[in-house]
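Listed here are the chains, written in short residue letters.
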Amino acid sequence: MPIVQISRIQHRRGKRSDLPQLAAGELGWVIDEQRLFVGNGTVSDGAPAVGNTEIVTSGSSAFTTALSHTYKGYLGDSTPIGNATQRTIGNRLDDYVSVKDFGAKGDDSTADVTAIQNAIDEIYRDTDKDDTRARRVLFFPAGTYRINTSITVPPFAHLVGEGPDKTIIRNSGSNAVMVTEDDDGNVGSNIGNSSATTPTQIQVSNMTLRNTVAYAGVSLDRTTSAYFNNVKF
């Protein structure tokens with residue numbers, strides 16, 4: 001016969017102050033705080049302790065704590081440092097940008113040039129030139145990043161790896177590993193057209209730039225203030 005009705009499953013619900021000791025596996029919904037609890041059961045049943053255990057929801061204090069962070073120094077002590085303020089984990093993670101956030105693999109087999117270029121364009125070229133907050137350090141975790149054409153590097157780019165022969169950008173194309181561009185994406189003789197910002201304040205450090213054929217490591221065209229530190233060519 002067809003199912004005519006499915007009855008609603010009822011659980012205990014009410015205010016936090018009225019939450020009783022729940023039976024083993026019984027659920028209790030705290031309406032005023034939007035929190036969910038389950039009964040532990042008895043010690044004789046195998047529970048480590050009698051009581052109710054909170055199931056993490058968006059209303060849980062544990063959930064809020066898990067999604068926040070206060071700087072406590074490199075030792076990680078429980079006491080926050082000085083006037084450190086609490087921030088969300090999402091906000092904290094946005095201080096740090098990795099090429100892997102844009103899909104690069106660094107596994108010495110994946111073609112990573114599109115992912116790397118997307119990361120560079122998003123952080124340095126496609127942002128408002130006056131919005132310095134967007135210009136984060138772009139991190140290249142240790143690995144070999146295969147490319148088959150030049151990576152174009154715009155003004156204010158700051159690219160950091162984990163060290164020579166640890167972070168390797170390997171170009172198999174017939175061109176330099178990196179070439180500079182203006183903030184409109186122009187390269188070579190077209191750099192600076194239409195009053196575009198020419199390449200400047202570019203920093204590259206702690207990586208190997210490797211070309212599999214006899215082409216340049218970097219081509220600095222119409223560039224001022226470019227810095228290379230601990231870079232192996």
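Look above for the structure.
Residues numbered from 1 in each chain as written. Predicted model: local features only at pLDDT ≥ 70, side-chain atom pairs only at ≥ 80, totals over all residues. Heavy atoms only, no water.

1. What about the sheet that holds strand β11 (residues 151-153)?
The three strands lie next to each other as β11-β14-β16, forming an open sheet whose pairing is parallel. Edge positions in the sheet fall to β11 and β16 (218-219), since each of these pairs with one other strand and no more. Relative to β16, strand β14 (residues 178-180) runs parallel, the two sharing two bridges. When the sheet's bridge partners are listed, V179 is paired in β16 with S219. (Pairing = 2+ DSSP bridges. Helix = DSSP H or I, 4+ residues; strand = E, 2+ residues; numbered from the N terminus.)

2. Details of the packing of aromatic side chains
Two aromatic rings are characterised by how far apart their centres lie and by the angle between their planes. The tally for this structure, following the rule as stated, stands at three aromatic pairs. Summarising the aromatic geometry, the rings of F140 and Y145 are spaced 5.7 Å apart at their centres and angled 85° between planes, so their arrangement reads as edge-to-face. F140 sits in the buried class, given a relative accessible area of 0%. Look at F228 and F233: their rings are 6.2 Å apart centre to centre, the planes differ by 55°, and that puts the pair in the tilted class. Looking at F233, the relative accessible area reads 59%, which means it is exposed. (Phe/Tyr/Trp six-rings, centres within 6.5 Å; stacked < 30°, edge-to-face > 60°. Buried < 20%, exposed > 50% of the residue type's maximum accessible area, 1.4 Å probe, protein only.)

3. Here's the deal with the pattern of salt bridges
Proximity of charged atoms lets side chains of opposite charge pair with each other. Scanning the entire structure with this criterion turns up nine salt bridges. With a shortest N-O distance of 2.6 Å, E33 and R35 are connected by a salt bridge. Under the relative-accessibility criterion, E33 is labelled partly exposed at 33%. Taking the relative accessible area as the measure of exposure, R35 reaches 14% and is therefore buried. With its nearest N and O atoms 3.6 Å apart, the salt bridge here joins E181 to R125. With E181 in the loop between β14 and β15 (200-211) and R125 in helix α3 (residues 113-125), the pair connects residues that are 56 residues apart, well separated along the chain. Of the residues examined, R125 reaches a relative accessible area of 25% and is grouped as partly exposed. Taken together, the shared-partner salt bridges connect E33, R35 and E54 into one network. (Salt bridge = Lys/Arg side-chain N within 4 Å of Asp/Glu carboxyl O.)

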